[in-house]
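Residues per chain are reported as follows:
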Amino acid sequence: MKNTHFLALIILLSSFHAPLESKETLKNTVGQHFAIGCAVNTSIVAHSNSKAHLLVEQQFNSIVAENCMKAEELTPREGVYRWGQADRFVKFGEQNGMRIIGHCLVWHSQAAKWMFYDKKGNLVTREVLIERMRNHIYSVVGRYKGRVYGWDVCNECVMDDGSMRNSLWQQIIGDDYIELAFQFAHEADPDAELYYNDYSMTNPNKVQTVCALVRDLQAKGLRIDAVGMQCHNGLDYPTLQEWSDAIDSLASTGVKVNMTELDMNVLPRIESFSGAEVSSNFKYRKALDPYRKGLTAEAEAQINQRWIDIFTLLKAHEHQIDRVTLWGVHDGMSWLNDWPIKGRKAYPLLFDRQKEPKPVVRDIVEMF
Ligand code: GLA
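Nothing here was measured: the structure is a model prediction, and the numbers come from that model. (Residues numbered from 1 in each chain as written. Predicted model: local features only at pLDDT ≥ 70, side-chain atom pairs only at ≥ 80, totals over all residues. Heavy atoms only, no water.)

Section: the overall build of the protein
Part 1: Secondary structure summary: the protein contains 12 helices and nine strands in total.
Part 2: For 368 residues, the compact-globule formula gives about 21 Å, and the C-alpha radius of gyration of the protein, at 22 Å, lands near that figure.
Part 3: Summing over all exposed atoms, the protein offers an accessible surface of approximately 16600 Å²; the carbon and sulfur share of this is 51%.
Part 4: Each charge class in the protein can be summarised by its mean position, and for the 41 positive and 46 negative side chains these summaries are 6 Å apart. (Helix = DSSP H or I, 4+ residues; strand = E, 2+ residues; numbered from the N terminus. Rg over C-alpha atoms; globule rule 2.2 N^0.38 Å. Areas by Shrake-Rupley, 256 points an atom, 1.4 Å probe, with all protein chains shown as cover. Lys, Arg positive; Asp, Glu negative; His and termini not counted. Charge placed at Lys NZ, Arg CZ, Asp CG, Glu CD.)

Structure follows, in structure tokens:
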């Protein structure tokens, strides 16, 4: 072979990404530094031969339920509990020796609305709501005692400006609903880890309030193991510095930090809108859905670089981070296809719509 041909061949070969060896998975690499998890829906759990189901088994060592453990799903009416989906979710995790995360016990959204009202439709008293919260937490945490590794006890109780959210929990019970929830969860399963979880957790006002909350729980002798930073992020927010500072601040309280709902929204943002309040909903416009037919090479390169930067950052903070969980498995199932605008085509995860690893997965695996 002529030298020039040989050189051309070498260049050609090195431009290909070799396929991942079956042992070179996220859980065998990243998962040795901190748990690496994903949110699964009931369809993934149910279809044991589906590509997505097998992908979860192969790549991840922790799972969280996307919806089936939320109160509105578990207890749609007073006196009624529907356990089927949550039971199957927990069994799936056990069959694979995964760290099973319970999400979530007390949240203003997807709550069991009946808990807040009496038969006449009036708000219940503080005493009644405390009792209902205790019953709910005892029922759910108690049912999976010794099987669920840790619980998101309270989700999204702080606003972006650092004030406490004026939810029905807060209005009816008062700010101490948070400590009561942690107390009840600990009583129901003393061995389970307990977490506080929220979005926009790089926002300094919010971080400050959450740190104060953690310290307050600790001062009262209540168990809290970690703070969950949801990590619904975009190509240019938060900055890596903001992320790093927030992890340091949260970890300085002595708890671990979990990156709990990591995904990347690469679609154009709505002006004047930030955060991850799930009830937000804006009108569809074509200009806000630029990748209907696929990503441009430029966008893809930008996204890959952002993933590398994120995982480089996470690795640098691995002494503070206990778990990283992606909010979903592959692009096709992500909530970001429908939020905050319905019907867009999003690319927020590490596996594509064919459930194949994106090229950047190899880079991440190599990094670890
Ligand atoms: C919040 C919740 C999650 C999920 C996402 C969107 O972050 O914590 O349970 O609902 O919104 O899917």
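A short note on the packing of helix 9 (residues 204–219) against helix 10 (residues 240–251)
Part 1: Their axes nearest at 9 Å, the elements helix 9 and helix 10 cross at an angle of 15°. Taken together, the axes of helix 9 and helix 10 lie roughly parallel to each other. For the element pair helix 9 and helix 10, the recorded crossing hand is right-handed. Mapping the contact onto sequence places V207, V210 and C211 in helix 9 and A246, S249 and L250 in helix 10.
Part 2: Looking at side-chain class alone, the contact of helix 9 with helix 10 contains five nonpolar, one polar and no charged residues. (Axes fitted to C-alpha atoms, helices over the stretch in contact; angles between N-to-C directions. Parallel < 35°, antiparallel > 145°, perpendicular 65-115°, else oblique. Left-handed = near helix turned anticlockwise from the far one by under 90°. Contact = heavy atoms within 4.5 Å. Nonpolar A, V, L, I, M, F, W, Y, C, P; charged D, E, K, R; others polar.)

A few points about the pattern of salt bridges
Part 1: Summed over all chains, the structure comprises 18 salt bridges.
Part 2: The salt bridge partner of R126 is D176, with a shortest N-O separation of 3.0 Å. Here R126, found in helix 6 (residues 126–143), pairs with D176, found in the loop between helix 7 (168–173) and helix 8 (177–188); they are 50 residues apart in sequence, far enough to count as distant.
Part 3: Judged by its relative accessible area of 23%, D176 falls in the partly exposed class.
Part 4: Look at the salt bridges and you will find they share partners, linking R99, E193, K256 and D322 into a network. (Salt bridge = Lys/Arg side-chain N within 4 Å of Asp/Glu carboxyl O. Buried < 20%, exposed > 50% of the residue type's maximum accessible area, 1.4 Å probe, protein only.)

Some points on the side chain of D189
Part 1: Within the secondary structure layout, D189 lies in the loop between helix 8 and strand 5 (193–198).
Part 2: Within the buried core, D189 has no salt-bridge partner, and the shortest N-O distance to an opposite charge, that of K145, equals 5.1 Å.
Part 3: The residues touching D189, leaving out its near neighbours within four places in the chain, are V141, Y144, K145, G146 and V148.

Things to note about the packing of aromatic side chains
Part 1: One pass over the structure, following the stated rule, counts 10 aromatic pairs.
Part 2: Counting every residue linked through ring pairs, the aromatic cluster contains F34, W307, F311 and F368.
Part 3: The aromatic ring of Y199 is capped on one face by K206, whose charged end is 4.0 Å from the ring centroid.
Part 4: Over the aromatic face of Y347 sits the side chain of R353, whose NZ or CZ is 5.1 Å from the ring centroid. (Phe/Tyr/Trp six-rings, centres within 6.5 Å; stacked < 30°, edge-to-face > 60°. Lys NZ or Arg CZ within 6 Å of the ring centre and 35° of its normal.)

Structural notes on the site of the ligand
Part 1: Every residue close to the ligand is listed here: K70, H103, W107, Q110, N155, E156, Q230, H232, E261, V278, W327 and W335.
Part 2: H103 has a polar side-chain atom sitting 2.5 Å from an oxygen atom of the ligand.
Part 3: For the ligand, an oxygen atom lies 2.9 Å from a polar atom in the side chain of N155.
Part 4: Looking at the shell around the ligand residue by residue, the classes come out as four nonpolar, five polar and three charged. (Near = heavy atom within 4 Å. Polar contact = N/O pair within 3.5 Å; in protein donor to acceptor, adjacent residues only side chain to side chain.)

Some remarks on the confidence of the model for the protein
Part 1: Counting all residues, the mean pLDDT for the protein is 94, and 94% of those residues have values of 70 or more.
Part 2: Here residues 9–16 scores under 50 on pLDDT; set against residues more than four positions off or in separate chains, the count is one contact. (pLDDT = per-residue confidence, 0-100.)

Remarks on the packing of helix 11 (residues 297–316) against helix 12 (residues 359–367)
Part 1: Look at helix 11 against helix 12: their axes get within 10 Å of each other, and the N-to-C directions meet at 20°. Taken together, the axes of helix 11 and helix 12 lie roughly parallel to each other. Like other packed secondary-structure pairs, helix 11 and helix 12 cross with a definite hand, here right-handed. Between helix 11 and helix 12, the contacting residues are N304, W307, I308, F311, T312 and K315 on the first element and V360, D363, I364 and M367 on the second.
Part 2: Across the contact of helix 11 with helix 12, the residue classes break down as six nonpolar, two polar and two charged.

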